[in-house]
Amino acid sequence: MSQTSKRLGKFIVLEGIDGAGKSTHIDFIAETIRAAHGVQVLITREPGGTPLAEKIRELVLHQAMDVQTEVLLVAAARRDHVRQLIGPALERGDWVLCDRFVDSTRAYQGGGGGVDLGWIDGINREVSGPLEPDRVILFDLPSQIAAARRGGRGGHGDRFEAQDVAYFERVRDVYLTQMRPGAQEKTSILNAELDVSRIQMELQKIIINI
Ligand code: TYD
């Protein structure tokens, strides 16, 4: 895709199971990037980020469907998101901070849902082509603790949050042990059990070194 070949900005992705704390830290991360690197930061999310992709998000989160359909819909949303929003922002020189990207599809539909990871990787390559995150920050937390946190905040009641602990344990396992080829050295794993100020210290170190 041409818009990714001329990119000047950096592409930062947050990953982790539901309840691991991405939303708690996303504004801090954006602020820290701005302060450390003197750039504009676009915050966005997947599935979503464009009007079309946000409509697809509603379907994927709330409409019952089989898991391969989930893959195809998040892929359609991703294609629109990359072409309409992420690619142009990176070309302008802005940094993009994205709440979830291709590793969520591998972890949720692949690990949680049992879809073949090779099939997912092939689709992701077709859809987002050469666009690779410069850094993935993985918020890691045991599934039991994440479930307790989700319970505590009431939850949004979407289809994924309704899954059991075993599902999230499989999701976590793909994040930790079956990373995409080449992703290991670009992924920073954060212990999301630490308190907020400790996590912020770790985030600062990661961000300064991007
Ligand atoms: P999430 O990022 O947790 O947002 P919120 O904090 O509003 O709940 O919700 C998005 C959900 O979408 C999450 O449960 C994981 C799911 N998802 C997939 O299953 N596959 C994907 O490829 C992506 C991007 C998300």
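For clarity, every value in this text was computed on a predicted model and none was experimentally measured. (Residues numbered from 1 in each chain as written. Predicted model: local features only at pLDDT ≥ 70, side-chain atom pairs only at ≥ 80, totals over all residues. Heavy atoms only, no water.)

A. Looking closely at the environment of Thr177. Counting through the fold element by element, Thr177 comes out in helix α8 (residues 165-177). Expressed as a C-alpha distance, the spacing of Thr177 and His37, which sit 140 residues apart in the sequence, is 31 Å. (Helix = DSSP H or I, 4+ residues; strand = E, 2+ residues; numbered from the N terminus.)

B. Looking closely at the layout of surface pockets. By volume, the largest pocket amounts to about 770 Å³. In terms of lining, the largest pocket is formed by 34 residues, of which the most central are Asp18, Lys22, Arg57, Asp99 and Arg100. Elements supplying a minimum of two residues to the lining of the largest pocket: α2 (22-37), α3 (51-62), α4 (67-92), α5 (102-112) and α9 (196-208). The residue inventory of the lining of the largest pocket, partitioned by class, reads 12 nonpolar, 10 polar and 12 charged. The volume enclosed by the second largest pocket comes to roughly 220 Å³. Residue contributions to the lining of the second largest pocket peak at four residues, all from helix α6 (residues 117-128). Of the residues belonging to the lining of the second largest pocket, the class tally is six nonpolar, three polar and four charged. (1 Å grid on protein atoms, 1.4 Å probe; cavity = no way out; pocket = protein on both sides within 12 Å on 5 of 7 lines; lining within 4 Å. Points joined across faces, edges and corners; volume = space filled by probe spheres on them. Nonpolar A, V, L, I, M, F, W, Y, C, P; charged D, E, K, R; others polar.)

C. Molecular detail of the site of the ligand. In the region of the ligand, 18 residues are neighbours, and Asp18, Arg100, Thr105, Gln109 and Phe160 sit closest. The separation between an oxygen atom of the ligand and a polar side-chain atom of Arg57 is 3.3 Å. Out of a free accessible area of 550 Å², the ligand has 93% covered by protein chains. Judged by the fraction of its atoms near the pocket grid, the ligand is located in the largest pocket. Among the secondary structure elements, those contributing two or more residues to the shell around the ligand are α2, α3, α4 and α5. The element that contributes the greatest number of residues to the shell around the ligand is α5, accounting for four residues. (Near = heavy atom within 4 Å. Polar contact = N/O pair within 3.5 Å; in protein donor to acceptor, adjacent residues only side chain to side chain. Areas by Shrake-Rupley, 256 points an atom, 1.4 Å probe, with all protein chains shown as cover. Sits in = over half its atoms within 2 Å of the grid points.)

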